[in-house]
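Residue-level structure breakdown
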Amino acid sequence: MTNSRLEHVNITVPDPAKTAAWMDDIFGWKIRWEGDAINGGHTKHVGNETSYVALYNPNVELNDADDSYTQSGGLNHVAVVVGNLDDVEQRVIANGFVPKSHADYEPGRRFYFYDENGIEFEVVEYD
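Since we're looking at a predicted model, the values are computed, not measured.

A closer look at the nonpolar core
Soluble globular proteins tend to pack their nonpolar side chains together in the buried interior. Of all hydrophobic cores here, the largest spans seven residues; its members are Val-82, Leu-85, Val-88, Val-92, Phe-111, Phe-113 and Val-123. Among the secondary structure elements, those contributing two or more residues to this core are α2 (85-94) and β7 (108-114). The element that contributes the greatest number of residues to this core is α2, accounting for three residues. Grouped together as the second largest cluster of nonpolar side chains are six residues, Val-13, Ala-20, Met-23 and Leu-55 included.

Below you can see the structure in the form of structure tokens.
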């Protein structure tokens, strides 16, 4: 699996613009995309041509420790691009994890799973 790579990490922050600004200043990353997101929130994708950090703000008070999408500093998921989604899904199952939330929309097919630590992973295959 030499073609596997980390694509993005999605984190909840109180001010995506402020965080994107210091990431640009420190790392030279640029805003690749921004727009509306889950549950009425807003996201900025900041990074380079091949990877980025999704900076998400849910537009609600950030204090629900049981929901990473409303917790400041919450790790929402880690996305990994793969060459063969079906093959990787079989390996996910073989390792005892349960694939969920399968979707096929531009720009690719994907599914999610939680690891043993409760971290959600998105696995995506682009055409």
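Picking up where we left off.
Quick notes on α2
Along α2, the residues that are buried comprise Leu-85, Val-88, Glu-89 and Val-92. Viewed along the axis of α2, the buried residues span an arc of 105°, placing them on a single side of the element. Turned more than 90 degrees off the buried face of α2, the exposed positions are Gln-90 and Ala-94. Its buried side turned inward, α2 meets β6 (100-105), β7 and β8 (120-126). The N-cap residue of α2 is Asn-84: its side-chain oxygen and the backbone nitrogen of Asp-86 are 3.2 Å apart. Positive phi appears at Gly-96, one or two residues downstream of α2, with a value of about 90°.

Thresholds, definitions, all that
Residues numbered from 1 in each chain as written. Predicted model: local features only at pLDDT ≥ 70, side-chain atom pairs only at ≥ 80, totals over all residues. Heavy atoms only, no water. Core = buried A, V, L, I, M, F, W, Y, C linked by side-chain atoms within 4.5 Å. Buried < 20%, exposed > 50% of the residue type's maximum accessible area, 1.4 Å probe, protein only. Helix = DSSP H or I, 4+ residues; strand = E, 2+ residues; numbered from the N terminus. Arc of directions from axis to C-beta. Contact = heavy atoms within 4.5 Å. Polar contact = N/O pair within 3.5 Å; in protein donor to acceptor, adjacent residues only side chain to side chain.

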